[in-house]
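Each chain is listed here by its residues.
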Protein chains: 2
Amino acid sequence: MSSYERIGSEVVWTGKMITVGVERFRYVDGKQATREKVWHPGAVAILPIDSETVWLTRQPREVAGLTRSLEIPAGKLDVEGEAPLQAAQRELAEEIGMQAARWQELKAFYTSAGFSDERITCYLAQELTPAPDVHSDEDERIEIVPWPLTELDAAIGECEDAKSLIALLWLARQLASGQL
Amino acid sequence: MSSYERIGSEVVWTGKMITVGVERFRYVDGKQATREKVWHPGAVAILPIDSETVWLTRQPREVAGLTRSLEIPAGKLDVEGEAPLQAAQRELAEEIGMQAARWQELKAFYTSAGFSDERITCYLAQELTPAPDVHSDEDERIEIVPWPLTELDAAIGECEDAKSLIALLWLARQLASGQL
């Protein structure tokens, strides 16, 4: 039996982005387990495409030791009261200076379900036009990378970021089957 | 410029699986940034397939609030001196009671490059046979789920686990193009 209830939760550290602690669970058979946990506000990711291009970014990912990680645009849900789709629209404008007339939720997933509650909702963004009046406080180290759809395999080969791989593999499959 | 050097690293908490802290980086332009970090030992994941089936698991993922998360077999790199491929072979035996004659590394990726160094190496395992003498200390809550390849889209639809989505989307694409 896999159902359980949480019987204890202790925070050991609170940072600006993450909170860390230990939780205790009891299963319906009475056994108990302890889990280390990283609380995360969640995030959105965006797969922005037009007829010939998928719009990617490169940025340093210091904790992973990467200097120019190839990724789709994304951002944390760190604005109070902002819905995920709104956050995705804001991030698309801030990171690559675009707005999209068509939005479709592709998938939501946990990045590391064993130790974190981080959940990313991924959107397809189409019918792109330049975003007006972008007031970005984004990191100036994010580089915009228009990537030809004909070279999608090379992006998948280079990418080491889980959320971006999910989006790019989904895209490759849709393109191959003529559904995009 | 995206290159940087680490100029400080402070551990704030050490658990059994993860270590948490804050690191400071200096970019080549002289600016500095602070990053919250979760150190993780890394992991392996296995996509075990035969001609008709992909072998999945269901298990509780307490910190994500999931009771029966549909995933590919996986495990942490928590045995001293064990290479990733060895770990994958051990986990395949422990979690689904199988061994494989053919192994291929598919992809390695970071699950949450913004705050963690967790890196998962994913393998394709083929030519499966029952593993002899499995001495498993695995969680008895891991359920083995043989999933028909003809129903792969349903698995992708249900799955909420990033590493498993990467493997299943890769598999769907290979099957569609006749490469498996």
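The model shown is predicted, which means the values in this text are computed figures rather than measured ones.

A.B. asks: Summarise the overall build of chain A; cite the residues concerned and give the values.
C.D. replies: A tally of helices and strands in chain A yields three helices and ten strands. Taking the principal axes of the C-alpha coordinates as reference, chain A spans close to 55 × 40 × 30 Å. The long-range fraction of contacts in chain A, counting pairs at least 24 apart against all pairs at least 6 apart in sequence, stands at 59%.

A.B. asks: Account for the domain arrangement of chain A, naming residues and giving values.
C.D. replies: All names here are of chain A. If you check the domain split of chain A, you get domain 1 (4–39) and domain 2 (43–176). The distance between the C-alpha centroids of domain 1 and domain 2 comes to 30 Å. Across the side of domain 1 that touches domain 2, the residue classes break down as three nonpolar, no polar and two charged.

A.B. asks: For unusual backbone geometry, give the residues involved together with the corresponding values.
C.D. replies: Positive phi is not limited to glycine here, since Glu127(A) has a value of about 55 degrees. Mapping Glu127(A) onto the fold places it in strand S9 (residues 119–130).

A.B. asks: Could you give an account of the relation of the copies chain A and chain B, naming the residues involved and the relevant values?
C.D. replies: Placing chain A over chain B gives an RMSD of 0.0 Å and needs a rotation angle of 180 degrees, together with 0.0 Å of translation along the axis. Taken together, these values place the two copies in the relation of a two-fold axis.

A.B. asks: Mind laying out the pairing of strand S1 (residues 4–14) of chain A, listing which residues take part and the relevant values?
C.D. replies: All names here are of chain A. Counting buried positions along S1 gives zero out of eleven residues, so the element sits mostly on the surface. Bridge analysis of S1 against strand S2 (residues 19–27) gives nine bridges, and the strand direction is antiparallel. What sits directly across from Val 11, in S2, is Gly 21.

A.B. asks: Please provide a residue-by-residue account of the interface of chain A and chain B, values included.
C.D. replies: How big an interface is tends to be stated in terms of accessible area lost as the parts join. Facing 50 residues of chain A, the contacting portion of chain B comprises 50 residues. A total of nine residues in the side of chain A that touches chain B trace back to one element, the largest contributor, which is helix H3 (residues 162–176) of chain A. Here the side of chain A that touches chain B is composed, by residue class, of 24 nonpolar, eleven polar and 15 charged.

A.B. asks: Account for helix H1 (residues 84–96) of chain B, naming residues and giving values.
C.D. replies: Residues and elements named next belong to chain B. In a regular helix each residue adds 1.5 Å, so 13 residues correspond to 18 Å; H1 covers 18 Å between its end C-alpha atoms and thus fits that length. All of the buried residues in H1 are Ala 87, Ala 88, Gln 89, Glu 91, Leu 92, Ala 93, Glu 95 and Ile 96. Looking at the buried side of H1, the elements it contacts are strand S4 (43–48), strand S5 (53–61), strand S7 (74–76), strand S8 (98–110), strand S9 (119–130) and strand S10 (143–148). Gly 97 occupies a position one or two residues after H1 and carries a positive phi of about 70 degrees.

A.B. asks: Kindly report on the nonpolar core, identifying the contributing residues and their values.
C.D. replies: In terms of nonpolar packing, the biggest core is built from 90 residues, with Leu47(A), Ile166(A), Leu47(B) and Ile166(B) touching the most fellow members. Setting aside residues no more than four positions away along its own chain, Leu47(B) makes contact with Val54(B), Ile72(B), Leu106(B), Cys122(B), Tyr123(B), Leu124(B), Ala125(B), Ala167(B) and Leu171(B).

A.B. asks: So what's going on with the sheet that holds strand S4 (residues 43–48) of chain A? Which residues, and what values?
C.D. replies: Backbone hydrogen bonds are what pair the strands of a sheet, in a parallel or an antiparallel way. Residues and elements named next belong to chain A. In space, the four strands of this open sheet follow the order S7-S4-S9-S8, with mixed pairing throughout. Of all the strands in the sheet, just strand S7 (74–76) and strand S8 (98–110) have a single pairing partner and so form its edges. Mean inter-strand twist for the sheet, computed between neighbouring axes without regard to direction, equals 20 degrees. Sheet analysis places S4 next to S7, joined by three bridges and oriented antiparallel.

A.B. asks: An account of the environment of Lys163(A) is requested, with residue identities and associated values reported.
C.D. replies: Checked against the element boundaries, Lys163(A) lands in helix H3. Judged by the 30 C-beta atoms lying within 10 Å of it, Lys163(A) falls in the buried class. Distance from Lys163(A) to Thr53(A), taken between C-alpha atoms, is 19 Å for residues 110 residues apart in sequence. Look past the residues within four positions of Lys163(A) in its chain and what remains in contact with it is Ala45(A), Ile72(A), Ala74(A), Thr111(A), Ile120(A), Cys122(A) and Ala162(B).

A.B. asks: With reference to specific residues and values, describe the sheet that holds strand S6 (residues 66–71) of chain A.
C.D. replies: Residue and element names in this part refer to chain A. Spatial strand order, S6-S5-S10: three strands in an open sheet with antiparallel pairing. Looking along the sheet, the strands with just one partner apiece sit at the ends: S6 and strand S10 (143–148). The average undirected angle you get between the axes of adjacent strands in this sheet is 30 degrees. In the sheet, strand S5 (residues 53–61) pairs with S6 via four bridges, with the strands oriented antiparallel. Bridge pairing in S6 places Gln 59 opposite Ser 69.

A.B. asks: Outline H3(A), listing residues and values.
C.D. replies: All names here are of chain A. Here H3 contains 15 residues, and its C-alpha end-to-end distance of 21 Å stays within 8% of the 21 Å for a straight helix at 1.5 Å per residue. Burial analysis of H3 places eleven of its 15 residues in the buried class, which makes it a mostly covered element. Residues Ala 162, Lys 163, Ser 164, Leu 165, Ile 166, Ala 167, Leu 168, Leu 169, Trp 170, Leu 171 and Ala 172 constitute the buried set of H3. Phi turns positive one or two residues past the end of H3, at Gly 178, with a value near 70 degrees.

Conventions used here
Just so you know, the residues in each chain are numbered from 1, in the order the chain's sequence is written. Chains and ligands are labelled sequentially in the order written, the chains with letters from A and the ligands with numbers from 1. Thresholds applied to this predicted model are a pLDDT of at least 70 for local features of residues and 80 or more for the giving and counting of side-chain atom pairs; totals over whole chains, interfaces and linings are not thresholded and use all residues. Secondary structure counts use DSSP, requiring at least four H or I residues in a row for a helix and at least two E residues in a row for a strand, with both numbered from the N terminus. Here, residue contact means that the backbone-derived C-beta atoms of the two residues sit within 7 Å. Annotation comment: domain bounds sourced from an automatic or database domain assignment. The classification used treats Ala, Val, Leu, Ile, Met, Phe, Trp, Tyr, Cys and Pro as nonpolar, Asp, Glu, Lys and Arg as charged, and all other residues, Gly among them, as polar. Superposing copies: least-squares fit, C-alpha atoms only, residues required to have pLDDT of at least 70 in both. Our exposure labels follow a C-beta count within 10 Å of each residue's own C-beta, placed from the backbone: buried means 20 or more other C-beta atoms, exposed means 12 or fewer, and partly exposed covers the counts in between. Following DSSP output, two strands are said to pair if at least two bridges run between them. Helices are assigned an expected span. That span is 1.5 Å times one less than the residue count. By convention the nonpolar core is taken to be a set of buried residues drawn from Ala, Val, Leu, Ile, Met, Phe, Trp, Tyr and Cys and joined through C-beta atoms within 7 Å. An axis is simply a line fitted to the C-alpha atoms; with a helix, the fit covers only the stretch in contact. Between two such axes, the angle follows the N-to-C directions and lies from 0 to 180 degrees.

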